[in-house]
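Coordinates in review
Below, each chain spelled out in residue letters.
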Amino acid sequence: MICPVRWSDGAVIILDQRELPGRVTYLTCRTVEQVARAIESLAVRGAPLIGITGAYGMALGIRRSRPSTLERDFTAAFDRIRRTRPTAVNLFWALDKMDRAYRTLVRNRRTVDQVKAGLAAEALGIHRDDARTCRMIGKNGACLIPRRARILTHCNTGSLATGGIGTALGVIRTAHRQGKVSMVYADETRPLLQGSRLTAWELLQHHIPATLICDSMAAGLMAGEMVGCVIVGADRIAANGDFANKVGTYGLAVLSRHHGIPFYVAAPVSTFDLSTSNGRGIPIEQRRGEEVTAIGRIATAPATIQAHNPSFDVTPARYVTAFITERGVITPPFRAGFKAKFDAR
Ligand code: MRU
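The rules behind each value
- Throughout this description, residue numbers start from 1 for each chain and increase along the sequence as written.
- The predicted origin of the model limits local features to residues at a pLDDT of at least 70 and limits the giving and counting of side-chain atom pairs to 80 or more, whereas totals for whole chains, interfaces and linings rest on all residues.
- Side-chain numbers here rest on the full set of heavy atoms in the structure, without hydrogens or water.
- Each residue gets one of three labels from its accessible area relative to the maximum for its type: buried under 20%, exposed over 50%, partly exposed in between, using a 1.4 Å probe on protein chains only.
- Strands here mean DSSP runs of E at least two residues long; helices mean DSSP runs of H or I at least four residues long; both are numbered from the N terminus.
- For two strands to be treated as a pair, DSSP must find at least two bridges joining them.
- Any pair of N or O atoms that falls within 3.5 Å is considered a polar contact. Within protein, one atom must be able to donate a hydrogen and the other to accept it, and sequence-neighbouring residues count only if both atoms are side-chain atoms.
- Definition of nonpolar core: a set of buried residues of the types Ala, Val, Leu, Ile, Met, Phe, Trp, Tyr and Cys, connected through side-chain atoms within 4.5 Å.
- Contacts are assigned to residue pairs with any non-hydrogen atoms lying within 4.5 Å of each other.
- Think of each axis as a best-fit line through the C-alpha atoms, taken over the contacting stretch in the case of a helix, with angles from 0 to 180 degrees between the N-to-C directions.
- Confidence scores here are pLDDT values: one per residue, from the predictor, ranging 0 to 100.
- Definition used for salt bridges: Asp or Glu carboxyl oxygen within 4 Å of a side-chain nitrogen of Lys or Arg.

Considerations on the pairing of strand E4 (residues 149-153)
Extensive coverage of E4 is indicated by the burial of 4 of its 5 residues. Bridge analysis of E4 against strand E5 (residues 181-187) gives 5 bridges, and the strand direction is parallel. Residue pairing across strands places Thr153 opposite Ala186, the latter belonging to E5. Across 2 bridges, the pairing between E4 and strand E7 (residues 229-232) is parallel. Its bridge partner being in E7, Leu152 is matched across the sheet by Val230.

Spelled out as structure tokens, the structure:
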């Protein structure tokens, strides 16, 4: 099992995903600033994993606190980490969970050492729970996958993006173990190539039959009846079912509808943001144009060309066949489906 982030002796150890698949190297983060930069630079990425890493960053933020600096250190860590990436709601969900744990410990007059231990335990708990959540998503989603399935996926949603086997990739891994997967088509996922660098790497590690395609090839594959279903992850799902995921997802959803192909979204309950009523309210991260004009250090465009680089796009709910969560599968109408599944949250 790949372990992309872990808490070790008061440091956050992060597998540097920018170096994959070429090199397996780890960053040792001993400050909140180092954790924040690892998230911003995509050394660590994927909605659930950003949340887990943010939680560890909070535990790190008070590691050296004295009674007189505890509140100030906690608030500084909270403010810094919440400014890293705006779209994946899992980060804010995890930070709010850490905040609630901290407030409870302080209200109960715990010593500073007890607060430090309590926050580390809370972060470890968030990490452990995500592993269980992924297994449930995998199990629930695999029921939707037919025999000899040919599945197309986008970006990376596996062990490198979560605390477990993954969301969309977790469904694929579970269905593969059940002997149902004949081919996975992985979009390379421009501009940062999470599909070719990370998903292709994970699929090979698990011996899942896989074929890498450029993003622009999906339409042709679908027209040629080579894709039976599409499964993607999500970074934030609004109350009406509109959702943000890696840029390019919206196009795939439209193409799937055009070709009559089921389009599934696999995500934990922590990715649902029911306080945002529809996709227009989802903040979309804008990244540097250089990510589009170069691959790594190699320029692929004239240096002075302007480049547009939204990291995510929003897919309208009407293109989604079903959401796959740890609590089960939700089909339209989504508002009512979410209410039934999440009222117990
Ligand atoms: O920019 P990234 O690599 O963090 O984007 C990741 C995605 O868009 C994933 O599809 C999403 O976070 C779901 S991960 C289980």
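That covers the picture; the talk isn't over yet.
Topic: the environment of Ser275
Here Ser275 lies in the loop between strand E11 (272-273) and helix H10 (290-293). Along the backbone, Ser275 and Met183 are 92 residues apart, and their C-alpha atoms lie at a distance of 38 Å. Side chain to side chain, Ser275 and Asp273 meet in a polar contact 2.6 Å long.

As for the nonpolar core
In this structure, Val12, Met58 and Leu119 are the most contacted members of the largest nonpolar core, which totals 41 residues. Mapped onto this core, the elements with two or more residues apiece are strand E1 (5-8), strand E2 (11-15), helix H1 (32-40), helix H2 (47-61), helix H3 (70-82), helix H4 (89-107) and helix H5 (112-142). The element that contributes the greatest number of residues to this core is H2, accounting for 9 residues. The contacts of Leu119, once residues within four sequence positions are left out, are Met58, Ala59, Ile62, Phe74, Met98, Ala101, Tyr102 and Leu105. The next biggest cluster of nonpolar side chains, apart from the first, holds 28 residues, and it includes Ile213, Ile261, Ala267 and Tyr319.

What to know about the sheet that holds E1
Taken in spatial order, the 3 strands make up an open sheet running E1-E2-E3, and their pairing is antiparallel. Each of the sheet's edge strands pairs with one partner strand only, and the pair in question is E1 and strand E3 (26-29). Geometrically, the sheet is characterised by an average inter-axis angle of 20° between neighbouring strands, direction not taken into account. Where E2 and E3 come together, 4 bridges link them in antiparallel fashion. Bridged to Leu15 within E3 is Tyr26.

Thoughts on the confidence of the model for the protein chain
Looking at the protein chain as a whole, its pLDDT mean stands at 97, while 99% of the residues score no less than 70. Per-element mean pLDDT across the protein chain ranges from 93 in helix H11 (residues 334-342) up to 99 in strand E10 (residues 263-266).

Regarding the sheet that holds strand E14 (residues 312-315)
In space, the 4 strands of this open sheet follow the order E11-E8-E9-E14, with mixed pairing throughout. Looking at the sheet topology across the chains shown, the edges are occupied by E11 and E14. The pairing of strand E9 (residues 243-246) with E14 spans 4 bridges and is antiparallel. Within E14, the position partnered with Phe243 by the bridge is Thr315.

So, the pattern of salt bridges
Evaluated as defined, the whole model comprises 15 salt bridges. Put simply, Lys97 and Glu122 hold a salt bridge, and the shortest N to O gap is 4.0 Å. Here Glu122 lies in helix H5 and Lys97 lies in helix H4, a separation of 25 residues in the sequence. With a relative accessible area of 23%, Lys97 lands in the partly exposed category. The structure contains a network of salt bridges with shared partners spanning Glu33, Arg37, Glu40 and Arg80.

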